[in-house]
Amino acid sequence: MQLWNLLPLAYEKSMTAGEAFNVSITGIVVVLLVLALLAILVQLLSKSIRLFEGKGKKEEKNAAPAPAVAAKPAGTPLPENNSVGSLDLNDVDEKTAAVIMAIVSNESGIPLNRLDFKSIKKVER
């Protein structure tokens, strides 16, 4: 018997509520299992890529040394109190100004004693 002759028979039969529930639960379980399998595959792929990147970095270090970075001139030595110039605070207390200067130093990567702040002003929004 041919397959297309059997298809109308399958559509003529109606499902009970229990059968429909079993089919839906089976579908949900299959989808969750496939998602779990994909998550495991992504984790394995990620670890293998990190492993190969780590070997590449080690080979780079062994193959050729990194070019020397030109040293920046140190400039004039700082005074004993490490203070250079003056700072105008407009509607900002000293603690807030210190926090702002520390954040700028941290984000820019420039040591705080090398930065020269002229003024700090509070801006209303």
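Remember, predicted model here, so these are calculated numbers, not experimental data.

## Observations concerning the overall build of the protein chain
Here comes step 1: Secondary structure assignment for the protein chain yields three helices and two strands.
Here comes step 2: Shown N-terminal to C-terminal, the secondary structure of the protein chain runs as helices and strands in the order α-α-β-α-β.
Here comes step 3: Taking all contacts inside the protein chain whose residues are at least 6 apart in sequence as the whole, residues at least 24 apart take part in 58%.
Here comes step 4: Accessible surface computed for the protein chain: about 11,700 Å², of which carbon and sulfur atoms make up 63%.

## Examining the side chain of Ser105
Here comes step 1: Inspection of the secondary structure puts Ser105 in helix α3 (residues 94–108).
Here comes step 2: Looking at Ser105, its side chain comes within polar contact range of the main-chain oxygen of Ile110, at 2.7 Å.
Here comes step 3: When residues no more than four places from it in sequence are discounted, the contact partners of Ser105 are Ile110, Pro111, Leu112 and Leu115.

## With respect to the pattern of salt bridges
Here comes step 1: All told, the structure shown has two salt bridges when counted by the stated rule.
Here comes step 2: Of the charged contacts in the structure, one is a salt bridge between Lys118 and Asp116, with a shortest N-O distance of 3.2 Å.
Here comes step 3: For Asp116, a relative accessible area of 42% puts it in the partly exposed group.
Here comes step 4: For Glu124, the salt bridge is made with Lys122, and the minimal N-O distance between the two is 3.7 Å.

## Points about the nonpolar core
Across soluble globular proteins, nonpolar side chains show a tendency to be buried alongside one another.
Here comes step 1: Ranked by size, the top nonpolar core spans five residues in total: Val92, Ala97, Met101, Phe117 and Ile120.
Here comes step 2: Ignoring sequence-local partners within four residues, the contact set of Ala97 consists of Leu89, Val92 and Ile120.

## Brief notes about the environment of Met15
Here comes step 1: Here Met15 shows up in the loop between α1 (3–12) and α2 (17–63).
Here comes step 2: Leave out the neighbours within four places in its chain, and Met15 touches Ala20 and Val23.

## Observations regarding α3
Here comes step 1: Helix length check: α3, at 15 residues, gives a terminal C-alpha distance of 21 Å against a target of 21 Å (1.5 Å per residue), a fit within 8%.
Here comes step 2: Taken as a whole, α3 has its buried residues at Ala97, Met101 and Ser105. Along the axis of α3, the buried positions cluster into a sector of 70°, meaning they face one direction only. For α3, the exposed residues set more than 90 degrees away from the buried face come down to Lys95, Asn106 and Glu107.
Here comes step 3: Downstream of α3 by one or two residues, Gly109 has phi in the positive range, about 80°.

What counts and what doesn't
- Residues numbered from 1 in each chain as written.
- Predicted model: local features only at pLDDT ≥ 70, side-chain atom pairs only at ≥ 80, totals over all residues.
- Heavy atoms only, no water.
- Helix = DSSP H or I, 4+ residues; strand = E, 2+ residues; numbered from the N terminus.
- Contact = heavy atoms within 4.5 Å.
- Areas by Shrake-Rupley, 256 points an atom, 1.4 Å probe, with all protein chains shown as cover.
- Polar contact = N/O pair within 3.5 Å; in protein donor to acceptor, adjacent residues only side chain to side chain.
- Salt bridge = Lys/Arg side-chain N within 4 Å of Asp/Glu carboxyl O.
- Buried < 20%, exposed > 50% of the residue type's maximum accessible area, 1.4 Å probe, protein only.
- Core = buried A, V, L, I, M, F, W, Y, C linked by side-chain atoms within 4.5 Å.
- Expected span 1.5 Å × (residues − 1).
- Arc of directions from axis to C-beta.

Any functional reading would require information that these geometric values do not contain.
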